[in-house]
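Tertiary structure, described
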Amino acid sequence: MPETGPLLDRYGREHRDLRVSVTDRCNLRCVYCMPEEGVPLRPRQEMLSIEEIARIVRIARELGIRSVRFSGGEPLVRRGIVELVRHMALLGFDDVALTTNGTNLAPAVSALAAAGLMRVNISCDSLRPERFRTIRRRGDLAVVLHAMDAAEAAGLSPVKVNVVVIAGVNDDEVLDFAAFARRYGRAVRFIEYMPLDADRSWTRRQVVPSDDIVARIHAVWPLEAEPTDGTEAAPADRYRFRDGAGEVGVVASVTRPFCGTCNRLRLTADGAIRNCLFSDEEVLVRDLVRDGSSDDAIAAAMRRAVWGKWPGHGINDPGFLRPARSMSMIGG
Ligand code: SAM
Ligand code: SF4
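Residues numbered from 1 in each chain as written. Chains lettered and ligands numbered in written order. Predicted model: local features only at pLDDT ≥ 70, side-chain atom pairs only at ≥ 80, totals over all residues. Heavy atoms only, no water.

Tallied over the entire structure, the rule returns 4 aromatic pairs. Here the aromatic rings of Phe 177 and Phe 190 are separated by 6.4 Å at their centres, their planes lie at 85°, and the arrangement is edge-to-face. Placement of the pair is Phe 177 in helix α6 (residues 174-184) and Phe 190 in strand β6 (residues 187-192), with a sequence separation of 13 residues. Of the two residues, Phe 177 and Phe 190, both sit in the buried class. Relative to Phe 241, the ring of Trp 221 lies with its centre 6.5 Å away and its plane at 85°, an arrangement referred to as edge-to-face. Within this pair, whereas Trp 221 is found in the loop between α7 (210-220) and β7 (223-225), its partner Phe 241 is found in strand β8 (residues 236-241), the two being separated by 20 residues in sequence. The aromatic ring of Phe 93 is capped on one face by Arg 61, whose charged end is 5.6 Å from the ring centroid. Between the NZ or CZ atom of Arg 182 and the centre of the ring of Phe 241, over which it lies, the distance is 4.8 Å. (Phe/Tyr/Trp six-rings, centres within 6.5 Å; stacked < 30°, edge-to-face > 60°. Helix = DSSP H or I, 4+ residues; strand = E, 2+ residues; numbered from the N terminus. Buried < 20%, exposed > 50% of the residue type's maximum accessible area, 1.4 Å probe, protein only. Lys NZ or Arg CZ within 6 Å of the ring centre and 35° of its normal.)

If you want it as structure tokens, here you go:
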């Protein structure tokens, strides 16, 4: 394992992208993520403070991480998030982004943009108010649509819209979302449903293959794949409408895993570094942050986490085991 230089895994992949879960609490209970009663709340002292998160992210930046995305749970239920963004934006990342369910975004978005937030992804799984509420179990579509307008008004364009597509639940809205992307210039990202729901009810039959989604849209509004050199690490495959009316993307994590180019690592709200959404191997840095360990010791723990990465998540292998943590505890 290299002790200096970029953050490399044993296959030579350089890690540049960090997802930070700032809380595993959430104000919603989406059917594909959390059970109706929520997940048991962990004691506060097990969770990283904002200052502890800031220190770990700074060390990651020093190790060559170029982009950081704050997530959760719902990041906007965490007090101190604006301050955290402000501190992190000063570290010179190429990209400082946030993924949110949009419920609390509109009142906070100007402050977040002024603090240095560059991009926002807003999750929205239906454009039909009743269905939206059924999928999220709470929340209001109008509030989330307003949050998209507010984000654009604050200069965070183009807004990305995350849609988890589930067969028999919202897959009949693929064309509606494509029309929405075209009309508003928002980059809709169709995400395959992954076995990371907390109540473990995921089945493969519920996954709508990204290729089907692209084909359905292409039949109505011809699409062209955005060129890639095959080494880009972005998980979304992007397509632009041939007539120039914007773009959509698909995240084919189940049917076409992108592990080979994955350059991402994750920090959980309780201070574990995870090198894959689907791996249970974690390196706990929280204790190092609290026992007086040096930045070098924390950096070495991060290097260890990245070095230990598997070649792929094996979701399509017969022996695949779901990870113990669900999506709301990892951060997407
Ligand atoms: N609460 C924020 C939100 O909903 O955007 C951020 C955290 S959420 C865990 C991050 C992303 O993961 C969201 O876009 C959400 O839709 C997606 N997600 C949650 N559970 C999922 C699952 N089982 N499969 C695929 N995507 C999922
Ligand atoms: Fe909360 Fe986001 Fe999970 Fe929905 S997807 S329950 S908003 S963390």
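The next subject is the site of ligand 2. Neighbouring ligand 2 are the residues Cys 26, Leu 28, Cys 30, Tyr 32, Cys 33, Met 34, Gly 73 and Asn 101. Looking at the shell around ligand 2 residue by residue, the classes come out as 6 nonpolar, 2 polar and no charged. (Near = heavy atom within 4 Å. Nonpolar A, V, L, I, M, F, W, Y, C, P; charged D, E, K, R; others polar.)

Time to look at the site of ligand 1. In the region of ligand 1, 18 residues are neighbours, and Tyr 32, Gly 73, Ser 123, Asn 162 and Met 194 sit closest. Between a nitrogen atom of ligand 1 and a main-chain N or O atom of Tyr 32, the distance comes to 2.9 Å. Protein chains bury 96% of the 530 Å² of accessible surface belonging to ligand 1 in isolation. Broken down by secondary-structure element, the contributors of at least two residues to the shell around ligand 1 are β3 (95-100), β5 (160-165) and β6. (Polar contact = N/O pair within 3.5 Å; in protein donor to acceptor, adjacent residues only side chain to side chain. Areas by Shrake-Rupley, 256 points an atom, 1.4 Å probe, with all protein chains shown as cover.)

What follows deals with the sheet that holds β8. With respect to topology, 12 strands assemble into an open sheet ordered β7-β8-β9-β6-β5-β4-β3-β2-β1-β10-β11-β12, the strand pairing being mixed. Of all strands in the sheet, those with a lone pairing partner are β7 and β12 (282-284), marking the two edges. The mean angle between the axes of side-by-side strands here comes to 25°, regardless of whether they run parallel or antiparallel. As defined by bridge partners, β8 adjoins strand β9 (residues 247-251) across 5 bridges and the pair is classed as antiparallel. (Pairing = 2+ DSSP bridges. Axes fitted to C-alpha atoms, helices over the stretch in contact; angles between N-to-C directions.)

Ranked by internal contacts, the top residues of the largest apolar core, which has 73 residues, are Phe 70, Leu 105 and Phe 190. With 7 residues, helix α1 (residues 50-62) is the largest single contributor of residues to this core. When residues no more than four places from it in sequence are discounted, the contact partners of Phe 70 are Val 20, Val 22, Pro 75, Ile 81, Leu 84, Val 85, Met 88, Val 96, Ala 97, Leu 98 and Thr 99. Within the second largest apolar cluster, 23 residues are counted, among which are Met 34, Tyr 193, Trp 202 and Val 251. (Core = buried A, V, L, I, M, F, W, Y, C linked by side-chain atoms within 4.5 Å. Contact = heavy atoms within 4.5 Å.)

Attention now moves to α6. Of all the positions in α6, only Val 174, Phe 177, Ala 178, Phe 180 and Ala 181 are classed as buried. Down the axis of α6, the smallest arc covering the buried residues is 155°, so these residues share one side. Looking at the buried residues of α6, the elements they touch are α5 (141-153), β5, β6, α7, β8 and β9. Once α6 finishes, Gly 185 follows within two positions and takes phi at roughly 65°, a positive value. (Arc of directions from axis to C-beta.)

With that settled, the discussion passes to the pairing of β3. Where burial is concerned, most of β3 is hidden: 6 out of the 6 residues are buried. One ladder, built from 4 bridges, connects strand β2 (residues 67-71) with β3; its direction is parallel. Within β3, the position partnered with Ser 67 by the bridge is Asp 95. Each parallel crossover has a hand, and the one from β2 via helix α2 (residues 81-89) to β3 is right-handed. Bridge count for β3 against strand β4 (residues 119-123) is 4 bridges, and the pairing is parallel. Paired with Thr 100 across the strands is Ile 122, a residue of β4. Handedness of the crossover joining β3 and β4 through helix α3 (residues 105-115) is recorded here as right-handed. (Right-handed = clockwise from strand over helix to strand, strands pointing away.)

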